[in-house]
Every structure is written in structure tokens, then in C-alpha cells.
Amino acid sequence: MLKISHLNKRFDTHPVLQDLNCEVSPGEKVLILGQNGAGKTTLLRCILGIFRPDCGTILVNGTDPIKNRKQALSYLSFTPQLPPPLPFSVRALIDYASLTSGFDKKKIIDFCEKFKFDLNANSDKLFYKLSGGMKQKLLASIAFSRQTPLMLFDEPTANFDPEARDCFAQIIADKEFKDTTMIFISHRTDELDAVLNRHIWLDLGRIVKDEEIA
């Protein structure tokens, strides 16, 4: 599902990712660990094609996210730690996501209901004016609705209350996503423990430990 070979990324003269090699198989649920500055978010942004590596390759389902970003993005969904300040209404964002990804908007409604995100009350509100928790609930609902083979999560429950974190844990453990490859960055691991089967530790942009867990 994901293959990374000899990946290097630096900003100015500062190396952030150094000769990073990793493969993630279909259906794996992986938690990336490491201190702040270890390169975790930079790695996800390289996978998304937001950052261009200095050298090395990334393949998402066999597709290079730099050379063919549109195709690569069709295979993956992403829930960011810091939602972008999108100047669209909630309704417009859902319409756009559905149009570009081709999924049924009823799925978003179902996931929003699970997260107790009231679409009727918030559809005409501007996305950037929502609370942090509401933004994450909506973006997670869109990501789950797309049902892509690879899903990336960067601190996806950072702004969730305990009830929403429990809901997130139930969704990722549902049989609907049994075969979905998921990669997480998270300091809150309680909601992930039921599904994780692998830990990868980064330090100074290198993988220092990679282990399967029971």
C-alpha cells in the first residue's frame, strides 16, 4: 500500500528526514511515534505530496504523489491536526468533497451523526468559524466517508471530548475499515490500542525502531 525508499527532506540546511525506508502493507494500522521535531508530520506531508523530497521515492498504491498527485490522493484520506482556515460553508465543503471524490453524501451525514455533529444547525456556518472539535469531527466524517484504502491521521482527536474520542475508537475498529491501511500520529493512544498492530519510532528523521505489536 505504501512504500518509502531512501527518503530525505531538509529545510535550508536542517535535515528533517534522513534516508528513511519503510513499507506499510494493506490493512496495517500503524502508529508513528517520536518527540516533537522527529519528522512525523513532515513525513505525512511528503506522502501527501505537499512537500517535495530532496531525494528518495514514495509510492502510494504504486503511484508517486509528486509526479501524479491527483491519482495518489484518490487512494488516501487525511485528517490534519490543524484544520486549514477554509472560507467555505459546511454545506459547500461537503458538496465539494462529495463532487471531487464521488462518494454518497449520506455517508457524511451518518458519520456526523455518530460524532454528534449537528449538520442541520451548522450547514450554513463558515468552516473556519467552527470550534476546533467541530472542525475535526467534520473532517474525520469526510475522511471516513471517502473509504480510501489508505488513511492518514495527524493528532485526529486532539480537540475531541471523551465522547467523541470513544466514537472515533469505535469507527476505526469497525469491520467496515478492517482492510483499510491507517497511519496515525497521536499522543492520545487509548482510542487506538484496539486496532494498532505496529509502532514506528522516529528520531531526528530516522526510523530507530519498528515493531509489530500483539
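Residues numbered from 1 in each chain as written. Predicted model: local features only at pLDDT ≥ 70, side-chain atom pairs only at ≥ 80, totals over all residues. Heavy atoms only, no water.

Colleague: I'm lost on the layout of surface pockets in this one. Help?
Modeller: The method is simple in principle: a probe with the dimensions of a water molecule rolls over the atoms, and the space it marks as empty is what remains. In this structure, the largest pocket occupies an estimated 1100 Å³ of space. Around the largest pocket, the lining is made up of 28 residues, and of these L73, F78, Y96, I142 and R146 lie nearest the centre. Secondary-structure elements contributing two or more residues to the lining of the largest pocket are α1 (40–47), α2 (69–73), β5 (76–79), α3 (90–101) and α6 (132–146). Residue contributions to the lining of the largest pocket peak at 5 residues, all from α3. Of the residues that constitute the lining of the largest pocket, the class distribution is 17 nonpolar, 6 polar and 5 charged. The volume enclosed by the second largest pocket comes to roughly 160 Å³. As for the second largest pocket, its lining consists of 14 residues, and the residues nearest its centre are Q35, N36, G37, K40 and T41. A per-element tally of the lining of the second largest pocket places α1 first, with 3 residues. (1 Å grid on protein atoms, 1.4 Å probe; cavity = no way out; pocket = protein on both sides within 12 Å on 5 of 7 lines; lining within 4 Å. Points joined across faces, edges and corners; volume = space filled by probe spheres on them. Helix = DSSP H or I, 4+ residues; strand = E, 2+ residues; numbered from the N terminus. Nonpolar A, V, L, I, M, F, W, Y, C, P; charged D, E, K, R; others polar.)

Colleague: Even after reading the chapter, I still don't get the sheet that holds strand β4 (residues 55–60), so can you show me in this structure?
Modeller: Across a sheet, strands are paired by hydrogen bonds formed along the backbone, either parallel or antiparallel in direction. Read across the sheet, 3 strands follow the order β2-β1-β4 without closing on themselves; strand pairing throughout is antiparallel. Each having just a single partner strand, β2 (14–24) and β4 make up the two edges of the open sheet. Here the strands of the sheet are splayed against their neighbours by 25° on average, with no regard to which way each runs. Bridge count between strand β1 (residues 2–11) and β4: 5 bridges; the pairing is antiparallel. Counterpart to N8 in the pairing with β4 is C55. (Pairing = 2+ DSSP bridges. Axes fitted to C-alpha atoms, helices over the stretch in contact; angles between N-to-C directions.)

Colleague: What is the right way to look at the pattern of salt bridges in this model?
Modeller: Pairing between side chains becomes possible if they bear opposite charge and their charged atoms approach one another. Following the criterion strictly, the structure yields 6 salt bridges and no others. In this structure, the salt-bridge partner of K116 is E163, at a minimum N-O distance of 3.4 Å. Of this pair, K116 sits in the loop between α4 (105–114) and α5 (119–122) while E163 sits in helix α7 (residues 162–172); the two residues are 47 residues apart in sequence, bridging distant segments of the chain. Overall, K116 belongs to the exposed group, its relative accessible area being 59%. (Salt bridge = Lys/Arg side-chain N within 4 Å of Asp/Glu carboxyl O. Buried < 20%, exposed > 50% of the residue type's maximum accessible area, 1.4 Å probe, protein only.)

Colleague: What's the story with empty space enclosed by the protein in this structure? I'm lost.
Modeller: With the rule as written, the count across this model stands at 1 cavity of 30 Å³ or more. The computed volume of the largest cavity comes to approximately 40 Å³. As for the largest cavity, its lining consists of L2, I4, C22, V24, V30, I32, L43, I183 and I200. Of all the elements in the fold, those that place two or more residues in the lining of the largest cavity are β1, β2 and β3 (29–33). Tallied by class, residues from the lining of the largest cavity come to 9 nonpolar, no polar and no charged.

Colleague: I keep staring at the packing of α4 against α6 and nothing clicks. Help me out?
Modeller: Running from N to C, α4 and α6 cross one another at 135°; their axes reach a closest spacing of 8 Å. The orientation of α4 relative to α6 falls into the category oblique. The way α4 lies across α6 gives a crossing that is right-handed. Two secondary-structure elements touch here, α4 through K107, I108, F111 and C112 and α6 through L138, S141, I142, F144 and S145. Grouping the amino acids of the contact of α4 with α6 by side-chain chemistry returns 6 nonpolar, 2 polar and 1 charged. (Parallel < 35°, antiparallel > 145°, perpendicular 65-115°, else oblique. Left-handed = near helix turned anticlockwise from the far one by under 90°. Contact = heavy atoms within 4.5 Å.)

Colleague: Help me understand α3 in this model?
Modeller: Residues that lie three or four places apart on an α-helix share one face, since the helix turns once every 3.6 residues. Taking 1.5 Å per residue, 12 residues should reach 16 Å; α3 reaches 16 Å between its end C-alpha atoms and fits that length. The complete set of buried residues in α3 reads V90, L93, I94, A97 and S98. Looking down the long axis of α3, one finds its buried residues gathered within 125° of arc, a one-sided arrangement. Pointing more than 90 degrees away from the buried face of α3 are the exposed residues Y96 and L99. The inward-facing, buried residues of α3 contact α4, α5 and α6. Positive phi appears at G102, one or two residues downstream of α3, with a value of about 75°. (Expected span 1.5 Å × (residues − 1). Arc of directions from axis to C-beta.)

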